[in-house]
Amino acid sequence: IAGQLIRYVESIGSTRSKLMVHTSIVRAYNEGKLDAYDSLGVKEVVVDVEWSIKNQRMCTACKDMTNITMTVKDARGRLPIHVGCSCAWSLVKVK
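Residues numbered from 1 in each chain as written. Predicted model: local features only at pLDDT ≥ 70, side-chain atom pairs only at ≥ 80, totals over all residues. Heavy atoms only, no water.

If you tally the helices and strands in the protein chain, you get two helices and five strands. In sequence order, the protein chain lays out its α and β elements as α-β-β-β-β-α-β. Expressed as a percentage of its 95 residues, the buried residues of the protein chain come to 28%. Considering only contacts within the protein chain whose residues lie at least 6 apart along the sequence, 68% involve residues at least 24 apart. Split by element, the accessible area of the protein chain, about 6900 Å² in all, is 59% carbon and sulfur. (Helix = DSSP H or I, 4+ residues; strand = E, 2+ residues; numbered from the N terminus. Buried < 20%, exposed > 50% of the residue type's maximum accessible area, 1.4 Å probe, protein only. Contact = heavy atoms within 4.5 Å. Areas by Shrake-Rupley, 256 points an atom, 1.4 Å probe, with all protein chains shown as cover.)

See the structure below:
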């Protein structure tokens, strides 16, 4: 039992570390996109909300961001929404 418990506890640390790295990369990626959009004169962005591939449905934590348009300035620091989030900023489609 002790061996199983040790392996379980060690796996928690590994999983948490991977989630933290993923979240940090998504944050840097999105801030970089906003920097690029800002330098190109883009005024508004929209969230590309992540989907759960396993369940073929939208992430419930991110669902409220669907089709929300905001200025590049207001978008700063809003993504990722949660640990492990894969949402990304995108250009507003002109109709």
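From this point on, the discussion continues.
Turning our attention to unusual backbone geometry. P80 follows L79 through a cis peptide bond whose omega is 5°. Secondary-structure assignment places P80 in the loop between α2 (72-75) and β5 (88-91). Even without being glycine, N67 reaches a positive phi, approximately 60°. Along the chain, N67 turns up in the loop between β3 (57-58) and β4 (69-71).

Let's shift gears to the pairing of strand β1 (residues 44-48). Pairing of β1 with β4 involves three bridges; the strand directions are antiparallel. When the bridges of β4 are listed, V46 appears paired with T69. (Pairing = 2+ DSSP bridges.)

With respect to the helices and strands, K33 occurs in helix α1 (residues 2-39). No salt bridge is formed by the buried K33; the nearest opposite charge belongs to D48, separated by 5.4 Å. A polar side-chain atom of K33 sits 2.5 Å from the main-chain carbonyl oxygen of W89. (Lys, Arg positive; Asp, Glu negative; His and termini not counted. Salt bridge = Lys/Arg side-chain N within 4 Å of Asp/Glu carboxyl O. Polar contact = N/O pair within 3.5 Å; in protein donor to acceptor, adjacent residues only side chain to side chain.)

With that out of the way, let us pick up α1. Over its 38 residues, α1 extends 56 Å from the first C-alpha to the last, a length consistent with the 56 Å expected when each residue adds 1.5 Å. Within α1 the residues assigned to the buried category are T23, V26, N30, K33, L34 and Y37. On its buried face, α1 sits against β1, α2 and β5. Just beyond α1, the residue with positive phi is G41, at close to 85°. (Expected span 1.5 Å × (residues − 1).)

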